[in-house]
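Take a look at the letters that make up each chain.
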Amino acid sequence: MHDAPPAADSLAAEKEPLSAGLKQRHLTMLGLGGVIGAGLFVGSGAGIAVAGPGIVVSYLIAGALAMLVMRMLGEMSAAMPASGAFSVHAERALGRWAGFTVGWLYWFLLVVVLAVEATGAAQIANGWVPGVPQWAWVLIFMVVFTAANLSAVKNFGEFEFWFAALKVGAIVLFLALSLLAIFGVLPDTEAVGFSNLTGQGGFLPNGVSGVVSGVLAVVFAFGGLEVLTIAAAESDDPARAVGRAVRSAVWRILFFYVGSMLVIVTLLPWSSMQPGRSPYVAVLDHIGIPAAGQIMNIVVFVALLSALNANLYGSSRMVFSLAERGEAPKGLLKVAGNGVPRRAVTASVAFGFASVILNLEWPDSIFRYLLNAVGAVLLFVWGLIAVSQLRLRRRIEREMPERLALKMWAFPYLTWVALAGMAGVLVLMVTDEGARPQLLWSAAATAAVLAVAWVRELRLRRAA
């Protein structure tokens, strides 16, 4: 264990005390599992409603931004694997304040999102078994996934592998059935051609502004990919594993997201989409799949539990990394015999469960403010990842070029393009009445964490 934070000017990767139990397939599926969730299966309907068929372009833009961020993160993580990933990179690139800020913001984001996932899964389960109250389902899920995260990391990896495999299988089957329906191969279907893409106002019925609004509606659905770079530190060959996982995960996710949207708006008129109703259910109903709603309920249920599992893992490793560097209580550094940071897992579960209680008791007041406070945090985290990569790339080239196994494309130009894209999304949030409260609350939360980081920095300097 590390009793002192690493030197700010050192790029040397430190040996992690955690278990190296994750395999390549675990990492790849962890990336898919963390990002393919209810935001795709249900939330995509809101994007289609504002962009029409142009939602395909919206997903391409948002997906490209996520790919650039992951490529940057993959470059740094392959060169310097660490359980805190981008928090460690930010500290090495910008100083202790940056590592502290991005680490705690991301941890806060994950434990709040845990509440949304646990509550959503409990609502579905309560619909199947009304005799078991919603709070009891939440408790069951929390106990099961706490146990999974407290056991050897390879067990967690197997849990997440099969959860993610079910989601990927569902999307592949959906794409196959949809393509057969588009070409009129399924019974009682006729080839639809491109009428739904060109009719109803054309491919861009709401113009470029519709595509832009669509980007704002879907960009946050790509959050969660970052967890695989955190997990890479617990694999046998972190540098190689993270490179392969990043390469495969981003392309597959882009294919699943954009491919799904393309077949949906080809099969159905975009104007028939209703925010809050899954477009996947609408397509399955259209092509005559029995009990389409229940099938998608099962898929969404699995997606929520998979994301809950991945986020609990990510939050525990992030707070453990903060403790390693002296940015969180030292008591969280306790590592069990199986290589799992059990106190870090327990602390993350405790705060996650507190968020669930707030969501169950005060969904429209206290918890709404918490949710708003993390609404734009992902963009702030992505921004610090990009700035860190700009600073660290030159140092890695100078001090240890042999570790650049995975390089950012067209450096530094695409890094600046990504930063400009993030700034553009923030501007959109300022001008959008629905998104503005999230940005303001998230900015306030970030300012509060920065203030704490600044006070700590002053104390550390005085003590030095």
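Criteria and thresholds
Residues numbered from 1 in each chain as written. Predicted model: local features only at pLDDT ≥ 70, side-chain atom pairs only at ≥ 80, totals over all residues. Heavy atoms only, no water. Helix = DSSP H or I, 4+ residues; strand = E, 2+ residues; numbered from the N terminus. Rg over C-alpha atoms; globule rule 2.2 N^0.38 Å. Buried < 20%, exposed > 50% of the residue type's maximum accessible area, 1.4 Å probe, protein only. Contact = heavy atoms within 4.5 Å. Areas by Shrake-Rupley, 256 points an atom, 1.4 Å probe, with all protein chains shown as cover. Lys, Arg positive; Asp, Glu negative; His and termini not counted. Charge placed at Lys NZ, Arg CZ, Asp CG, Glu CD. Expected span 1.5 Å × (residues − 1). Axes fitted to C-alpha atoms, helices over the stretch in contact; angles between N-to-C directions. Left-handed = near helix turned anticlockwise from the far one by under 90°. Nonpolar A, V, L, I, M, F, W, Y, C, P; charged D, E, K, R; others polar. Patch = residues over 30% accessible without salt bridge, like charges linked within 9 Å, V, L, I, M, F, W, Y side chains within 5 Å. Salt bridge = Lys/Arg side-chain N within 4 Å of Asp/Glu carboxyl O. Core = buried A, V, L, I, M, F, W, Y, C linked by side-chain atoms within 4.5 Å. pLDDT = per-residue confidence, 0-100. Phe/Tyr/Trp six-rings, centres within 6.5 Å; stacked < 30°, edge-to-face > 60°. Lys NZ or Arg CZ within 6 Å of the ring centre and 35° of its normal.

J.: Explain the overall build of the protein chain residue by residue, including any values.
T.: In terms of regular secondary structure, the protein chain is built from 19 helices and zero strands. Taking 2.2 N^0.38 as the reference for a compact globule, 464 residues should give roughly 23 Å; the C-alpha atoms of the protein chain span a radius of gyration of 22 Å, in line with that estimate. Reported as C-alpha extents along the three principal axes, the dimensions of the protein chain are approximately 75 × 55 × 40 Å. Within the protein chain, the fraction of its 464 residues that count as buried is 57%. For the protein chain, the share of sequence-separated contacts (at least 6 apart) that also reach a separation of at least 24 residues comes to 81%. For the protein chain, the exposed area adds up to about 18200 Å²; of that, 66% sits on carbon and sulfur atoms. On the protein chain, the mean spot of the 32 positive side-chain charges and the mean spot of the 26 negative ones are 7 Å from each other.

J.: Go over helix α8 (residues 153-182), please, and point to the residues and values.
T.: Here α8 is 30 residues long and its end C-alpha atoms lie 43 Å apart, about the 44 Å a rise of 1.5 Å per residue gives. Looking one or two places after α8, you find Gly184, whose phi comes out positive at around 70°.

J.: Just give me the short version of the packing of α8 against helix α12 (residues 238-267), but keep the residues and values in it.
T.: Contact geometry of α8 with α12 gives a least axis separation of 10 Å together with a crossing angle of 35°. Two packed elements cross with a definite hand, and for α8 against α12 that hand is left-handed. When α8 is examined against α12, the residues Val168, Ile171, Val172, Phe174, Leu175, Ser178, Leu179, Ala181 and Ile182 are found in contact with a partner set consisting of Phe255, Phe256, Gly259, Ser260, Val263, Ile264, Thr266 and Leu267. Of the residues assigned to the contact of α8 with α12, the class counts are 13 nonpolar, four polar and no charged.

J.: Could you give an account of a nonpolar patch on the surface, naming the residues involved and the relevant values?
T.: On the surface, a nonpolar cluster with roughly 390 Å² of combined accessible area is contributed by Leu179, Leu180, Phe183 and Val185. Following the sequence through the fold, Val185 ends up in the loop between α8 and α9 (195-198).

J.: How would you sum up the nonpolar core? Please name residues and give values.
T.: By size, the foremost hydrophobic cluster in this structure holds 161 residues, and its most contacted members are Phe86 and Trp382. Examining the composition of this core, we find that 18 residues originate from one element, helix α14 (residues 292-324), more than from any other.

J.: How would you sum up the side chain of Ser316? Please name residues and give values.
T.: As for its position among the elements, Ser316 is in helix α14. With relative accessibility at 0%, the residue Ser316 sits in the buried group. Those residues in contact with Ser316 that lie beyond four places of it in its chain are Ala344, Val345 and Ser348.

J.: Could you give an account of the confidence of the model for the protein chain, naming the residues involved and the relevant values?
T.: Per-residue confidence for the protein chain averages 86 on the pLDDT scale, and 95% of its residues sit at or above 70. Residue range residues 1-8 is modelled with pLDDT below 50. Its contacts to residues more than four positions away, or to other chains, number 20 contacts.

J.: Give a detailed account of the pattern of salt bridges, specifying residues and quantitative values.
T.: Going through the model one piece at a time under the given rule, you end up with 10 salt bridges. Here Arg394 makes a salt bridge to Glu397, at a shortest N to O gap of 3.3 Å. With a gap of three residues between them, Arg394 and Glu397 both fall in helix α17 (residues 377-399), about one helical turn apart. By relative accessible area, which is 43% here, Arg394 ends up partly exposed. The closest approach of N and O atoms between Arg461 and Glu457, which form a salt bridge, is 3.6 Å. Taken as a pair, Arg461 and Glu457 lie in helix α19 (residues 436-463) at a separation of four residues, close to a single helical turn. A residue is classified by how much of its surface remains accessible, and Arg461, at 58% relative accessible area, is exposed.

J.: Which residues make up the packing of aromatic side chains, and what are the values?
T.: Taken as a whole, this structure holds 18 aromatic pairs when the rule is applied. Geometrically, the ring pair formed by Phe86 and Tyr106 is edge-to-face, given 4.8 Å between the ring centres and 85° between the ring planes. In this pair, Phe86 is assigned in helix α5 (residues 86-94) and Tyr106 in helix α6 (residues 96-128), connecting sequence segments 20 residues apart. This pair shows no difference in class: Phe86 is buried, exactly as Tyr106 is. Ring geometry for Phe255 versus Phe256: centroids 5.7 Å apart, planes at 55°, classification tilted. Following the ring pairs from residue to residue traces out a cluster consisting of Phe100, Trp104, Trp107 and Phe351. Of note, Arg25 hangs over the ring of Phe161, and the distance from its end group to the ring centre comes to 4.7 Å.

J.: How would you summarise unusual backbone geometry if you had to cite specific residues and measurements?
T.: The linkage connecting Phe411 with the following residue, Pro412, adopts the cis geometry, with an omega of 0°. The topology assignment puts Pro412 in the loop between α17 and α18 (413-431). Look at Ala291: it is not a glycine, yet its phi comes out positive at around 55°. Topologically, Ala291 is positioned in the loop between α13 (279-286) and α14. Not every positive phi belongs to a glycine, and Ala410 is a case in point at roughly 45°. Take Ala410: it is sitting in the loop between α17 and α18. Taking the relative accessible area as the measure of exposure, Ala410 reaches 44% and is therefore partly exposed.

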